[in-house]
Structure formats: C-alpha cells, structure tokens
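A structural walkthrough
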Amino acid sequence: MSSTFSTQASSYGTPSSPLSNLQHDYPSPSLPYASSSTAEKLAAGPAASAAATRIIAAAGQITSIVQKPFLFMSDASMMYTLPACLRLIEHLHIVEILRDAEDERQRLLSELRIIAELQSQSEPVNVDQSALAHPLRLLSTHHILREIAPDTFALTRVASLLDSGKSVADVFAKYKKYEDTSGIAAFVGLCTDELFKSAAYLTEAFTGVQLPLAPLGTFNLAFNTPVPFFECGREPGKSFRLERFSQAMIGTSGWEAPGAILTSFDWLSLPRGSTIVDVGGGIGSTTMILARAFGDMHFRFIIQDRPVVVGLGLDAWRAQCPEMLESGQVVFHDPNWHPAVYILRVVLHDWPDVRARHVLLNLRLASGPETRLIIADHVLPLACWTLDSVLAHLEGAHGTLAPAPLLPNLGKASATPFSMDIVMHIIFNGKERTLRELCALALSSGWRIARVTYSKGSHFGHLVCEPV
C-alpha cells in the first residue's frame, strides 16, 4: 500500500487542502510526530481522518474473521503485557534516552548504562539490560518502537508522543518529568500504573467480593485502601500521583480536535463580560484556551475544583497567564449564581447516575433561564443499527457511523471511549454514557440537551444543554 495520499478532491466532495494539485507522503512511522508538519496537518484533516477511521475499523474486523479463533482469543487474553511494557519504558524514561542518543535516532541497548550512572541522582534503579530487550521487542511487535538491529531499538512516530522534551538528567529529577509538557507521558503513566493495576480486580468488584479495608470499588480492592482515588494523592509519599493526574488531564486534550471547545458553542453570542464557570476544571486548561481566544469579549472565568488541585492551578496560571489572575479575569473557587455558561468537561463520567444527577441538579438550581451548560465527555455509540425516536430530532445526533458490514460504531476504531467506560467504573464506579443515557440523565436534572458536536475522528462530544 502506498504511503502517499493526494490532496485532490475525494469521494468526500471537498479537497483536504488548498494545495489541490500536490501529493504528500502520509506521516512516516519512523519519524517523530510533529503536529505542525504539512503531512500531519493533512492527515488530521476531515477527509483523511474519515478514511483512516474506516481503514482501522475494517482492519480490526477482518482480523477477527481471518485469524484463528484461539489465536485471536490468546492475543486478547494476554494484552495485559502491552500496558505493562509501556509503563516500564515510561518509568525508565527509555524514550528520552533513545532520543538523546548521539545520532538522535537509535541507541544500542547496551548503552543504557546511563540509567546506572544516574542512580546517584535519583532513587536506585536496578535494570537487567539484557532482559530489557524483551519488553522493548514486544513494543516493537506492536509498532510502538522499532528494532532496527539485534537488541537495537529506535523511536517511532507513536513512541515520540511519550517524549517529555527534557534531557535524560532532567527526567530523572524527582517528579519533574511532566511539568510543561503535553501531558501524554503523564496520561500513559496513569493508565499503566493505578488504572492498570485496578483493572485486574474488575470481576471481584462486579461480583461483590471485597477486602476488609476496601468497601468502595475496584481501585480500593487493588490498593487495599478505603481512601477514594482523589484522596490518595494527599497521603504521605504519594503526592506525585496527584501531580501526575493533573498533568494527565492535559494529555487528554488529544481526545478532541485542537480547540474543539471554541467551536462547540457560539461564544460570541454571549454579552461582553459574561461569567463562565469551569466546574471541576482542574488546573484550568480549558479555561485558558477560552480566555486566550476571547480576550476582547472580557469574559470573567471561574475555575472550581478541590483545594489541592486549585493550588496546582494557581501555579500554572502564574507561570503562563499571570496578568489574568492579577486583573481578576480568572479566579478560582468564587461562588457564582446565574452565570452565562457552566462547563463540565470530563466530570460526569467520574460519577454513577445518582451522584451525577446531584451535580446537574445543583447547577440547575444555580442557573438562570438563559444559562447554558456544556457537557464535554465521550459519547458511546451503540454496536447495533438504531436511532431512538427520542434522539431523532436532536441536532448532531447520528445513528450509525459506518455502512454494513462494518460495525456501526466503527469497532476497533472506536475502542478508546469503551475502554474509558471500564476505566471509569474501575476508579470511580462511574461510566461513559450513550447519547440516550446522557439525554435521560440531563432531563432528570432539569436540563435538555439541544445540540451535540463531535471532535473530528472522535467520539468525544460537546453537548449544549438548556434549562427546562
């Protein structure tokens, strides 16, 4: 298959680039990901993204058909080895080591002695260098790394996302790896550490098996603690988990098209000086996008979260936008009634329906008739062909994403939100929801979903709600 795609008009009806008479190579799997490159911009365009999604869905479905059933089941049953190896290379900063190699593209495994040399600067790291080739080879088998010679490994476009951009010496400095990064390495660290370990107890949680000190859920079973997930980062010696989680939430911006929040709502329709409240907004990453984009509208932003997170948020804003804090344009934890807009980004999926309804009811009670609520979460598509009559007239709703014989939810190409659904159950007894479930939850709390928009090539949706 050729790696070249054309920017000429396709079956989607519109050219994916104004350079309509040129051809460009698809981004090379051997080169670092660079979002600003022409190839990456074209690959992220709507036509190329739609085509890639169909290819992924078809390839996954074909694999399930042509592979021997036992081998298919064996691969699925042992998939736990992949996150285990991912955690290893993230924890040992292998990506930074490979990137810092003298030729900047590869490094002999035997040269990983740099780890031992840095032991005096950090906690002891005991690495069997000959054994390390095996997990790296597994990752190469899954196209995350490349083995370019025996026991010789190099980065790929995919693995480059784990690169913090810092020197090897800097990433071995305690807990400083994730500062001022995209957050993707932090997200992978979170997924392959706390979440991965907790997932092993899913059956015990579903069947009611509990340990004496862990009555709450799967995470508590795995870590044998009665302390809720968000409180664990406050325990002595575990603050790095909270810091990593905060940075990981920045990394989740990859679920959305860049700046998707800017087009999810008609912000210019609001009166100048309107108040926007980011509920559970973490360190304020979403607010920062809006504040920078609509500075001339003089919006006032309020970011609400737990006190320990607010402290991290204040540090981030002082470093990046201190003038907004000083002017009062952006504040943390200031109670406000009847704002113009509430934002709930990746908040409701943390909670079961009863608790999520409580959150929405409280916001409804604090809203005026013109207040709008934006729910930003994954919206799970069904794996069967249907569009409920209750959703038929909802702007932006769709029944199927692909024609038969592909799964209507695009199967393998849609795996991330379904994995996140299980993750939410594991950590919080929460869940990702279907559009039908979100509509019912909103209505039971005094809100009506009026419109839903999706990020390109993603099931991450922005749902605009009106009070009822």
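This section reports on the structure supplied with the text.

What counts and what doesn't
Every chain begins its residue count from 1, and numbering advances along the sequence as written. The predicted origin of the model limits local features to residues at a pLDDT of at least 70 and limits the giving and counting of side-chain atom pairs to 80 or more, whereas totals for whole chains, interfaces and linings rest on all residues. To obtain the side-chain values, all non-hydrogen atoms of the structure were included, while hydrogens and water were left out. For every residue, the accessible area (1.4 Å probe, protein chains only) is compared with the maximum for its type, and the residue is labelled buried under 20%, exposed over 50%, or partly exposed between those bounds. A helix here means a DSSP run of H or I that spans at least four residues, while a strand means a run of E at least two residues long, and both kinds are numbered starting from the N terminus. Strand pairing is assigned whenever DSSP identifies at least 2 bridges connecting the two strands. When the strands point away from the viewer and the connection leading from the first strand across the helix to the second strand turns clockwise, the crossover is called right-handed. By nonpolar core we mean a set of buried residues, namely Ala, Val, Leu, Ile, Met, Phe, Trp, Tyr and Cys, connected to one another through side-chain atoms within 4.5 Å. It only takes one pair of heavy atoms within 4.5 Å for two residues to be counted as in contact. The directions from the helix axis to the C-beta atoms form the arc being described. Here the aromatic set is Phe, Tyr and Trp, taking the six-membered ring for Trp, and pairing holds for ring centres within 6.5 Å; pairs whose planes are under 30 degrees apart are stacked, those over 60 apart are edge-to-face, and all others are tilted.

1. Concerning the pairing of strand β9 (residues 341-345)
Judged by how many residues are buried, β9 sits mostly within the fold: five of five residues are covered. Judged by which residues are buried, β9 turns out to be covered on both faces: Val341, Ile343 and Arg345 on one side and Tyr342 and Leu344 on the other are all buried. Both strand β6 (residues 275-279) and β9 contribute to a ladder of three bridges, which runs parallel. From the neighbouring strand, Ile276 faces β9, where its bridge partner is Val341. Across five bridges, β9 lies against strand β10 (residues 372-380) in parallel orientation. Residue pairing across strands places Val341 opposite Arg372, the latter belonging to β10. A crossover links β9 with its parallel partner β10, the connecting element being helix α18 (residues 353-365), and its sense is right-handed.

2. Quick look at the nonpolar core
Ranked by size, the top nonpolar core spans 45 residues in total, and within it Ile89, Ile94, Leu136, Leu139, Leu145, Phe229 and Ile427 carry the most contacts. Contacts of Ile427, omitting those with residues within four sequence positions, involve Leu195, Ser198, Phe219 and Phe229. By size, the runner-up hydrophobic cluster in this structure holds 27 residues, among which are Leu344, Leu348, Leu363 and Leu394.

3. So, helix α4 (residues 81-91)
Note: α-helices contain 3.6 residues per turn, so residues at a spacing of three or four share the same orientation. Within α4 the residues assigned to the buried category are Leu82, Cys85, Leu86, Ile89 and Glu90. Buried residues of α4, seen end-on, are gathered within an arc of 135° and therefore sit on one face of the element.

4. Looking at the side chain of His459
With respect to the helices and strands, His459 occurs in the loop between β12 (447-454) and β13 (460-467). Residue classification places His459 among the buried residues on the basis of a relative accessible area of 9%. If we skip the residues at most four places from it in the chain, His459 touches Asp377, His378, Val379, Pro381, Leu401, Asn409, Ser414, Pro417 and Tyr454.

5. Here's the deal with the packing of aromatic side chains
Evaluation of the coordinates by the stated rule reveals ten aromatic pairs. For the ring pair Phe229 and Phe428, a centre distance of 5.5 Å and an interplane angle of 90° mean the geometry is edge-to-face. With Phe229 in helix α12 (residues 229-232) and Phe428 in helix α19 (residues 415-428), this residue pair connects regions lying 199 residues apart in the sequence. Ring geometry for Phe265 against Trp267: centres 5.0 Å apart, planes inclined by 70°, an arrangement best described as edge-to-face. When sorted by exposure, Phe265 lands in the same class as Trp267, which is buried. These aromatic residues form a ring-pair network of at least three members: Phe219, Phe223, Phe229, Phe245 and Phe428.

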